[in-house]
Amino acid sequence: MLELFPEGFEEVTADGSVELVAYTDSGGEERLWHAFGGARAEDVAADWRDRWKAFHRPVRIGPLWIGPPWEQAPPEAAAVVIEPGRAFGTGAHPTTQLCVELLLGLDRGSLVDLGCGSGVLSVAGRKLGFDPVFARDLDEHAIDATLANASANGVDVEAVVADVLAAELPRTDTAVANITRPTLEALAPRLRSRTLVGSGYLPSEAAELTGYRHVRRLERDGWAADLYEAAE
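Residues numbered from 1 in each chain as written. Predicted model: local features only at pLDDT ≥ 70, side-chain atom pairs only at ≥ 80, totals over all residues. Heavy atoms only, no water.

Explain the pairing of strand 4 (residues 64-67) to me, and be specific about the residues and the numbers.
Covered by surrounding structure in strand 4 are Leu-64 and Ile-66 together with Trp-65 and Gly-67, the residues of both alternating faces. Examined bridge by bridge, strand 3 (residues 59-61) and strand 4 share three bridges and lie antiparallel to one another. Following the sheet pairing, Val-59 is matched in strand 4 by Ile-66. The sheet contact formed by strand 4 and strand 5 (residues 78-81) spans four bridges and is parallel. Within strand 5, the position partnered with Gly-67 by the bridge is Val-81. (Buried < 20%, exposed > 50% of the residue type's maximum accessible area, 1.4 Å probe, protein only. Helix = DSSP H or I, 4+ residues; strand = E, 2+ residues; numbered from the N terminus. Pairing = 2+ DSSP bridges.)

Have a look at this one:
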């Protein structure tokens, strides 16, 4: 299969076995027959190229509407339009929603988004009035997506490729980190932010964090988010 379809194919588990599925034309089907002595063909829906969009749905969080560009924001909402690109998410994941909800209740000031992904929280922060906003991620595609989404929303975000566990981090009023719990625990002692919003983990994981006092926890759909203040 790798020789026949070097661009990739799909593995589908069915009835205890694994089927190898290639999306191809009649020529590819003929190659499958010659290679394996048989194959089953099914027509693919005409809209298959756009069906992935169904996984990215808009959400409303306080004054913000967060969604992809193919959806229409209500006129009364502050729109955060996010093109996912090759980075994670358009804002519908519970951890993203919980982070925004916690940001809503904070005094506005400077903000750093650590592990920014597609820039949802960076752009949402700017729309909420945080300024300046910094974004950091190890993945260059995430930084490209964040800069593109910030530009599309008419806001300024300083987004830079960086390992948040090694690079010097900006001093800010607030940090938001939608990452794994072990990464958050390793990151906390390196932060220079008075307030921290953390998420990306389960409610069963401990809330204590080195250097910070726990203030509040929110939970939704099996995920947790925490608000912290720097310990004196």
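Could you give me a rundown of the sheet that holds strand 12 (residues 223-230), with the residues and numbers involved?
Strands sit in the order 8-7-6-9-10-12-11 across an open sheet of seven strands; the sheet is mixed. The sheet is open, and its two edges are formed by strand 8 (158-161) and strand 11 (212-220), each paired on a single side. Across this sheet, the average inter-strand angle for adjacent strands is 15°, counted without regard to direction. Pairing of strand 6 (residues 111-114) with strand 9 (residues 172-178) involves four bridges; the strand directions are parallel. Across the sheet, the residue bridging to Leu-114 is Ala-177, located in strand 9. Contacting strand 6, strand 9, strand 10 (193-201), strand 11 and strand 12, helix 2 (residues 94-104) runs over the sheet at an angle of about 130° to strand 11. Its contacts with the sheet place helix 4 (residues 140-152) against strand 7 (133-137) and strand 8, and it is angled at close to 165° to strand 8. (Axes fitted to C-alpha atoms, helices over the stretch in contact; angles between N-to-C directions. Contact = heavy atoms within 4.5 Å.)

Account for the packing of helix 2 against helix 3 (residues 120-128), naming residues and giving values.
Helices that pack against each other are described as a pair by the angle of their axes relative to one another and the distance between those axes. The N-to-C vectors of helix 2 and helix 3 enclose an angle of 25°; their axes lie 11 Å apart at closest approach. Judged on the interaxial angle alone, helix 3 and helix 2 are roughly parallel. In this structure, helix 2 crosses over helix 3, and the sense of that crossing is right-handed. Here helix 2 contributes Thr-96, Cys-99, Val-100, Leu-103 and Leu-104 to the contact with helix 3, which in turn contributes Val-120, Leu-121, Ala-124 and Leu-128. Within the contact of helix 2 with helix 3, the residues separate by chemical class into eight nonpolar, one polar and no charged. (Parallel < 35°, antiparallel > 145°, perpendicular 65-115°, else oblique. Left-handed = near helix turned anticlockwise from the far one by under 90°. Nonpolar A, V, L, I, M, F, W, Y, C, P; charged D, E, K, R; others polar.)

How would you explain unusual backbone geometry if you had to name every residue and give the values?
The bulk of non-glycine residues show a negative phi, and the bulk of peptide bonds are trans. Residue Pro-132 is reached from Asp-131 by a cis peptide bond, and omega for that bond is -5°. With respect to the helices and strands, Pro-132 occurs in the loop between helix 3 and strand 7.

Could you give an account of the nonpolar core, with specific residues and numbers?
Core analysis: the largest hydrophobic core is formed by 32 residues, its most contacted members being Ile-66 and Val-197. Every element with two or more residues in this core is listed here: strand 3, strand 4, helix 2, helix 3, strand 7, helix 4 and strand 12. Grouped together as the second largest cluster of nonpolar side chains are 19 residues, Val-112, Ala-177, Tyr-212 and Tyr-228 included. (Core = buried A, V, L, I, M, F, W, Y, C linked by side-chain atoms within 4.5 Å.)

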